[in-house]
Structure formats: C-alpha cells, structure tokens
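# Understanding the architecture of this molecule
The residues making up each chain are set out below.
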Amino acid sequence: MGIIVSNHGDSTRGNVPEALSVLERIRLNKDQETPLSRIRNVLKLSNHEELKFTRENLKKIEERLKDVFIKFYRKLRHLNNYSFLNTLAISKIMKKYDKIASRNAAKTYMETVVDKSYLTSSDEIRKLMVRVESIFVEYFASSNRSKAMNLLRPKVKKEKHRTTFSSGFFVGCSVSLVIALALLIHARNIMGADGKNIYMETMFPLYSLFGFVVLHMIMYASNIYFWKRYRVNYPFIFGFKEGTELGYRHVLLLSFGLNTLALAAVIMNLDMEMDPNTNDYKTITELLPLLIVGLVILITICPFNIFYRSSRFFFIMVVFRCIAAPLYKVNLPDFFLADQFTSQVQALRSLEFYICYYGWGDFRLRQNTCRSSHVYSTFYFIVAVIPYWSRFLQCVRRLVEEKDSTEGYNALKYFLTIVAVCLRTAYSLNRGNSWRNAAWFFSALATFYGTYWDIVFDWGLLHRSSKSWLRDKLLVPHKSVYYVAMVVNVVLRLAWLQTVLDFNIPFLHREIMVALLAILEIIRRCIWNFFRLENEHLNNVGKFRAFKSVPLPFNYDEE
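We now turn to the structure provided with this report. (Residues numbered from 1 in each chain as written. Predicted model: local features only at pLDDT ≥ 70, side-chain atom pairs only at ≥ 80, totals over all residues. Heavy atoms only, no water.)

In this section: the overall build of the protein chain. Of the regular secondary structure elements, the protein chain holds 23 helices and two strands. Buried positions account for 38% of the 559 residues belonging to the protein chain. Long-range pairs, those at least 24 residues apart, make up 72% of the contacts in the protein chain with a sequence separation of at least 6. (Helix = DSSP H or I, 4+ residues; strand = E, 2+ residues; numbered from the N terminus. Buried < 20%, exposed > 50% of the residue type's maximum accessible area, 1.4 Å probe, protein only. Contact = heavy atoms within 4.5 Å.)

Listed below in structure tokens is the structure:
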C-alpha cells in the first residue's frame, strides 16, 4: 500500500488512500497508570501523546489484540457451555418428571419446545467462535491452527506428583531438623549457657524472620485449600493469570523448602559454634542467615522461567504498587497484600535488624549495639508504621476516587492503629506512666474499631435482618464456625495487652515472647483472609466488577 505524494500543498490529503486516512483518527489507549502519569494529572500538566507507528508500539498493540481475542473466545466458550449445561439440566429434570409421574413426556417436550427454543437453536455463538478462530489463526499464529488453538483454549492445570512428593519430603526434613535442634539444645544445655542472652538478642531475631514468613505461607496454603473446598473463586478475585495460580501444594513446597534451609542453617550455626575444631569460622557462621535472605531475594527477582516466575512477578508488581500508594489505582490484590504486611510488622523489624547488624559490622564480634542507637530506634518506629501508612493512603485514594465515605472511616481505623503502634513502641523503649496510659487508651480504641470493622464490614457478619445475625449467604455449612471465628478474632486482637501489662513468663526470653505475639497476629490475619474473600466472592463488597473487561489498544474518534 503506497501513499501518493503531491506537490500541491493541501491537495496531498486528497490523494491519501481512504484506508490510511483512518489512521489519523486513531489514538492509543493508555490505561496503565504510572506514578509519573498520576503526578501529571494532579499537577494538571499536559500529557498528550500522538500515535506513533514504531516497532515497539505495533508490538504492544499486537500483544493486546491477541489478549483481547483470547479472552473473547474463552467467554464465548463459557456461554456455549452454559447453553449446553442448561439443555442437559432440562433433559434430566424431564426424565425425573417421567419417572415420578409415570409419563413419557420428556422426548416430546425436548423435541417440540426445548430443541426449537433460542437456547439450543441459535448458532450465533458457534459462528462467532469460528470467525474468531479463523482470524486468530491467520493474523496471530502464522496460519498454524494447532498453535492458535493451544493459545485460544483454556489451559487445564495438572497436579504433578513430584510436587506432592517434594512437599512431603521437605515436611519430613523439617520435622527431623526440629527434633535434632531440640536434642542439640538439650544435650549441650545451650539455654543455660552464659552466652544465652547474647545469642537470643542477636541470632534469634535473624532466624525468627524465616519463621514468620514460613508460618504465613503455610497459613496461606491452608487458605487456598479451604477456598477451593468451598468454591471461592480466588484466582479470578485476585486477578491471577489463567493457569499460573499456585495451589496449596505449591505454596507448601515453597514454605517447607525455605523452612528446611533455615533450620539447617540454625543447626550449622550452633554446631560450628560449639565444635572446637570449627570455632575459628565464627564470621562465616554469622553470615549464614544473610546468605539465605540473599538467596531468597535472588530467586524472587530471577528473570528466568523457574520457580513460578508468573507468580513471583505478580507478587513484585503488587508490592511495588503498595509501596507507591497512592499513585496507583487501588485494586483488591493491592489492599489485600497491604493488609498482610500489617500483620508482619515484626518480620519487617527483623529486616531492619539485618541491616543494622550486618551493615555496622556487629556480626564479626556478635555484638548487638543496635538497641542503643538513636537511628535504629527512630527506624524502629518508622518500619512498624509503613504497612499501616500504605494502607491508610490506599483508603484515601479510594475515598477521593469513589466518593465513598466508608473508605474514610476505614482510613480512620488505620490512623488510630498507627497512633496505637507508635505509643506502644514508645512505651516499650522508654517506659513511664504517661506512655503507658496513652498506649492503653489508643490501643483499646483501635482494637474495638478494628474488631467491629473486621466482623461487620470485611466479613459481612452481624446482620440484624438475619435470624442468626450472620450473612444470608454462607459457604461453610456449619454456622458455629463463624461464631468461633468472631470470638477468636477478638481474643487474638487483644494480644497487644502483653506489651502494656508487662506480662512475662520466667522461662521464656523477651525475644520469644515478642515472636509468640507476632505468630498470634499472623494466625489472626490468615483466619481473616478466608472470611474476607468469602464475603467478596458472595457479595462483591469491594464494589469491583464481577467480570473482567479487556481494553482495546486504541480508540477511534468519529468526529
């Protein structure tokens, strides 16, 4: 296709072929918001970009059009299957009717009524499917029909035996290492040794990080198991790429694999510390937890298609959107993950300790000078507040965009929590009646507010219109589960009382008490996860659409 160029000024436009003149009315759709584009919009800066037919733009357009065709074809398949299932259901109902009424009306009714109805006689869906197939084969698969159909048809995820076997193997390794660790501590009386306090204040915070992460992953695997059991469509709600979502076996494999690695490092650390033949390598033993953290980070950002790359990149993307709040539009995965981080405050503080312990060189002598540093104490506040602040900004963004006052009350909940966390931290560092009283008041207020919000808004329970004060729609058949969950939520939310009442158990070190409180909060969060997503599945309470629309890469201006 050529363009005829004339030397007569404006007459050139009249010589342009009609097919190419359409391109003058096409503009690229830029639906993906970035922090820079958001700042431009807030500052009212011009951001108009004309359509440029570069290789990169054409490649992006082709990929998005391919995605549009695939989504459209799969929706047609769902509609076709829906028609077939309804026809099959009517047939079975009629057979049941003939059996009970001792009649023979099924065959006649199906032939005269059902087969001639629009439900079965319409060929529009099949014609559309054939047209989509032919277009996709020609333009997106280089006339290779088998390749095109592999892309168009939904991928059925098959469970692999090696995943189950590997998970079981790492579970066995974890149990064995826990037993070996307990025997090693008892046999060498490590907890009664002179270096007990030094070890608990330095090495325990380093290794407890893995315990928090592994526990949260195991609880998330249990969430996935019960979501699947009670038919909560979690892949659709989270927006996972079809066929790439992780099952509970995959999450257990990752969690127990990390657990095995961490436990092996703990035993190596203790053994090399106690063994006189290897005691000279103390510096290397101190670096073991840092090496594991580095390995986990490298695997997470690894660009190669190993270790569930699609899920890793999805996780990284959502984490970035949480950090960049409120510069991105808030979707369900964004605030759901931000809520998970609010229950991992102690893990984030452990990461701060990593930076302090290894960055300032304390690990060479196993000395903990972090606690006496004013910089460390300042960031001890900041790190604890970051997850709640991110969640607060997300609520503000939704309040501004959606004009929903509910989000304002939700933002107030996180603001009260920020104040309570800061006051409890200040009391734990400084002590004093004024800090204690303030921590008491705001912690009690935040606990009452958060508990009410969890049960009423996030879980959708305690409805006066319902006879049982629960939702009208429930997935779990036993209503007692909901009542127990509400009570457990209240009890676990009161775990902060230990920090204010200074309730200490003599045979437990302070670091162990802190870890136990963090574990209780992780368990509470994972119980919250199930009922939050169940409520979303049944009532769409987040006001998100029940279907996914795939935007076209361009629009056409008629005027």
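Further notes follow.
Right, let's get into the environment of Leu258. Inspection of the secondary structure puts Leu258 in helix α12 (residues 248-274). Remark: the alpha-carbon pair of Leu258 and Val296, spanning 38 residues in sequence, is separated by 8.5 Å.

The next subject is the environment of Ser208. Take Ser208: it is sitting in helix α10 (residues 196-229). Among the residues examined, Ser208 registers a relative accessible area of 12% and is labelled buried. Expressed as a C-alpha distance, the spacing of Ser208 and Ala262, which sit 54 residues apart in the sequence, is 9.5 Å. A distance of 3.0 Å separates a polar side-chain atom of Ser208 from the backbone oxygen of Pro205. (Polar contact = N/O pair within 3.5 Å; in protein donor to acceptor, adjacent residues only side chain to side chain.)

So, about the environment of Gln344. The topology assignment puts Gln344 in the loop between α16 (332-342) and α17 (345-359). The spacing of Gln344 and Ala518 is 174 residues in sequence and 7.3 Å in space, taken between C-alpha atoms. If we skip the residues at most four places from it in the chain, Gln344 touches Phe212, Val213, His216 and Ile522.

Taken as a whole and assessed by the stated rule, the structure comprises 14 salt bridges. Its salt-bridge partner being Lys329, residue Glu401 comes within 3.6 Å of it at the nearest N-O pair. In this pair, Glu401 is assigned in helix α18 (residues 374-402) and Lys329 in the loop between α15 (309-323) and α16, connecting sequence segments 72 residues apart. (Salt bridge = Lys/Arg side-chain N within 4 Å of Asp/Glu carboxyl O.)

Let's shift gears to helix α14 (residues 288-301). Taking 1.5 Å per residue as the helical rise, α14 with its 14 residues ought to reach 20 Å, and the 20 Å between its terminal C-alpha atoms agrees with that figure. Of the positions making up α14, those classed as buried are Leu288, Pro289, Ile292 and Val293. Taken down its axis, α14 places every buried residue within 140° of arc, on the same side. Structural note: α14 exposes Leu291, Leu298 and Ile301 on the side pointing more than 90 degrees away from its buried face. (Expected span 1.5 Å × (residues − 1). Arc of directions from axis to C-beta.)

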